[in-house]
Each structure stands twice: as C-alpha cells, then as structure tokens.
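# Coordinate analysis (summary)
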Amino acid sequence: MSKLIIVAKNLFNQQDAQAQQTLVLVNSLQKIGFDLEIITGFDEDENKPFDIPNAFIHPLKASYPSKKQDFTSKVTRKLYRNLSSAFHTSWTKASVNLAKTIIQKKGIKKILTIALPMDSHLVGISLKMEYPDLIWIAHFSDPWPESILPSPYSDWSIPVLNFIQKRVVQSVINKADKVIFTCMEQKKFFEFYYDFDENKKIATIPHIAPYIYKANVNYSENNLILAYTGSLSRERVCENLAKALAQLPKNSRIKIQFYGFVHQKMKDYFSQNRVDHRVEYKGWYDKEDLILATANVNFYLLIEANMDYYPFLPSKIADYASTGKPILAITGAGSASYRLIETYKAGLACSHSVYDILKALNKIETEIFEGGNLYNEFSEDIVSEKFLGFI
C-alpha cells in the first residue's frame, strides 16, 4: 500500500466546494490503495473535526477569516487570505513540524498539498527544502493571487503583497516535482503568468463526481424547475438573469430554486425586476442530501462570473453530471464549463446578455434536453486512474 501525506487546511469546512472535493479525493485515493496521513486545520466554529475511516487525521488549531458580509469583515477576510498565502502562520509552522515527524517515523516519501488556501503549499515549500528527495505534488484548485484574475475577482490588490504572493506561487511551481490543475483553461492561465520548466510534470485532472444517481420522480406539470446549488457569491451575481426572467411570458412555467447562500444583491435584482414569484430560496443542504432534495428539478443552473476567459472548473458541474440531468450554464465561451457542456451535449451554455439568457430559457421551455455523457468526464473510476498514474 502506497503511503501519502495530504496537506489540506480547509478539509473540515464542508460548506466549501474545495473542501468537499478534497474529501471525495481522499475517499477515492483510499479505494485505489493509498495509506493516508492527513494534516488539516480546525476551529470551534465551522471547521470542527470529523473522522475519516481508515485514514490518520491530524487536525491542528488554525485561524479562519470571518464569513460575515459587513464591510469590515470583507476587508479583514481579504487581508487575511492574502497575508496567510505569503507568510507562515502558526498553523503552517505546526503543520511543517508535524509532517517532519510523520516522515521520520513512517518513512513516507510522497506529499500532496491542496490549495487554495495557499497555506497548504507553504508547507510543501518548507518540506521540500528540508527533504530534497521528497516527491511533492502540488494541486491548484484555483489561480492565485486574486490580483492576476480578471474583474470581478481582482477588485483591488496591494502591489507589494501581490509581488510577494506571485513569488510564492512561482516557488511552488519551481520546487514541486509535479503540478496538478483541474482543467486546461486553468493550466493555460498559469502558463501565461508563471514560468514552467519544460521538463516539469504537469497534469490536468478534473474533479470527481458522486456516483451517478438517477431518481425515478414525477416532474411537476405546472412548473419547469431549474436548481442552483452551492454559494452564489458576489462575483456570480447576474442582474441580466433577473431581467431575462422579467421578459418571460406570464404563462411561462420556469422557476428557479436556490440551495445555499445567495448574495443579497442577487435577491435585490429579483425584487427590482418583480420576479420574486419565479425564485425560491431553499437554504443550505449537506452535499449528500442535495441530490435527493433536487430530484424533481428539470435542469441544473450554473452561473459563473462575467469574464471573457474563466480559468476555473467549478466542482458543482461534476456534481450536476452525476444526476444525468441537463445543465444551463450562464458563462463565457472561454470557460471549461462551456466547453464541456458543448462537447458532451449536456444542456445549454449562454453568455451573460439578457438576449442570450432569455433565448436559452425559451429553449428550455419548448425543447427537450438530456444530460448527455458529461458524467464520463468526472467519474470516480476514470479520475482516480488519472491520479494513480500521475502521483
């Protein structure tokens, strides 16, 4: 059985999409024969420890930024994320020391660090300097720092801190033996901003979907339901969706259900356009309950930030793929979601314009769509084999 240390600070925050995917990856790596030592963080609020069968978990006390939405909390959260990605925190130092002990006692020769947050990669940098023969695999869920991203993600930055963060990311790329990205769009984005040695081992490995689940349900005859799951954050607020809903005929059957946090500005746009009757806020569901909770929906809705090039692969597209249902993605033509939905004929992808969104909604109401073969991109068997062959 292969031994592997995984460093993932946010594992216990299972409302975070990256943490959810890390947990799925942990379970998959166990199934294909890895003996895991997991170093992560915890606090007494939303990041409380839990057990993972047959894995050694080492939770270390960590600080996490507040999730409050007031201005002060937002600024503090932004500063914390940026500072902790450039400088060692008490959690980073403790993780390095713990990893050294595990390496010495158990002779482990491989480590996988998963970021964001970048704190996990800082551990990798320190360990690689101490143990040059250690095989380090650095997994990036998202590009970093935020300042290199297009608007609305790069709303402001501190030049000196931005310079330091970019140096840290370049150091990760230089020192890691292998680098994993989630999609080709993300890989190309990194290659534009950072230097890669021509011999660097790089892989694009997508998220893992839950086992395919197709419920036998009776769809509503009165409504045609689209479900958006997970957090609809500030960057994903789409005023034109509200405007498009307002232009639907009165007898349209379309309704949207939101499962998770919805930014207040999005709610305000629905109200201002007088389409509150077309939206419903269902609250937060645990991931394992979500597929059952949305069993009667007709479509899944994916909203991405309004950018010409989108260097992310949202984990919810993998979750959606597991249902076999079609997806409506409001995104740009340069996104991985657009490419995958078009390639696998898994629904509809449209731009953020009112015209395109309204056109897509009308198509949903008048045409028949299926989920295509999108699950093939994210199935556990296929993705696990990619990990096994690479790490």
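Positions within a chain are numbered from 1, following the residues in the order the chain's sequence is written. Owing to the predicted nature of the model, reporting of local features is limited to residues with pLDDT of at least 70; listing and counting of side-chain atom pairs is limited to 80 or more, with chain, interface and lining totals taken over all residues. Only hydrogens and water are set aside; all other atoms, that is, all heavy atoms of the structure, feed into the side-chain values.

### Notes on the overall build of the protein chain
- For the purposes of this entry, the term helix denotes a DSSP run of H or I that reaches at least four residues, the term strand denotes a run of E that reaches at least two, and both are numbered from the N terminus. Each helix and strand in the protein chain was counted, giving 14 helices and 15 strands.
- It is over C-alpha atoms that the radius of gyration is taken, and the globule rule equals 2.2 Å times the number of residues to the power 0.38. In terms of overall size, the protein chain behaves like a compact globule, its C-alpha atoms giving a radius of gyration of 21 Å where 391 residues would be expected to give roughly 21 Å.
- Taken along its principal axes, the extent of the C-alpha atoms in the protein chain is 70 × 45 × 45 Å.
- Carbon together with sulfur atoms contributes 50% to the accessible area of the protein chain, which is approximately 17,900 Å² in total.
- Only four residue types enter the tally: Lys and Arg on the positive side, Asp and Glu on the negative side, with His and both chain ends excluded. Charge positions come from single atoms, namely NZ of Lys, CZ of Arg, CG of Asp or CD of Glu. Distance between charge centroids for the protein chain: 2 Å, based on 46 positive and 42 negative side chains. Residue exposure ignores everything except the shown protein chains as possible cover, and the areas themselves are Shrake-Rupley values with a 1.4 Å probe.

### What about the state of the cysteines?
- Cysteine sulfur pairs qualify as disulfides if the two atoms are within 2.5 Å. Under the defined criterion, the tally for this structure stands at 0 disulfides.
- This cysteine, Cys183, is not joined by any disulfide, and Cys350 carries the nearest cysteine sulfur, 19 Å off.
- A residue is classified by how much of its surface remains accessible, and Cys183, at 4% relative accessible area, is buried.
- Of all cysteine sulfurs, the one in Cys238 lies closest to Cys350, which takes part in no disulfide; the gap is 8.1 Å. Throughout, exposure labels follow a simple rule: accessible area from a 1.4 Å probe, protein chains only, divided by the maximum for the residue type, with under 20% read as buried, over 50% as exposed, and the rest as partly exposed.

### Points about the nonpolar core
- Judged by nonpolar contacts, the single largest core of 43 residues is most densely connected at Ile5, Ile39, Met118, Leu127, Phe140 and Val169.
- Looking at this core, the elements that each hand over two or more residues are β1 (2-7), α3 (90-106), β4 (110-115), α4 (119-130), β5 (135-140), α5 (159-175), β6 (178-181) and α6 (184-193).
- Sorting elements by how many residues they give to this core places α3 first, with 5 residues.
- By definition in these notes, contact holds between two residues if any of their heavy atoms fall within 4.5 Å. Not counting the four nearest positions on each side in its chain, Phe140 is found in contact with Ala115, Met118, His121, Val169, Val172, Val179, Ile180, Phe181, Thr182, Gln186 and Phe190.
- Only buried residues count toward a nonpolar core, which is a set of Ala, Val, Leu, Ile, Met, Phe, Trp, Tyr and Cys residues joined through side-chain atoms within 4.5 Å. Ranked by size, the runner-up nonpolar core spans 33 residues in total, among them Ala244, Phe270, Ile303 and Ala360.

### Examining the sheet that holds strand β10 (residues 279-281)
- Whether two strands pair depends on DSSP finding at least two bridges between them. Ordered by their spatial adjacency, 6 strands build an open sheet running β10-β9-β8-β11-β13-β15, and the pairing between neighbours is parallel. Lying at the two open borders of the sheet, with one neighbouring strand each, are β10 and β15 (347-350). Direction aside, the axes of adjacent strands within the sheet are offset by 20° on average.
- Across the sheet, helix α7 (residues 239-246) is in contact with β9 (254-259), β10, β11 (299-303) and β13 (327-330); its angle to β9 comes to roughly 150°.
- Orientation is described by lines fitted to C-alpha atoms, with helices fitted over the stretch in contact, and by angles between N-to-C directions that extend from 0 to 180 degrees. Sheet strands in contact with helix α12 (residues 354-366) are β8 (224-229), β9, β11, β13 and β15, and its direction is about 170° off that of β15.

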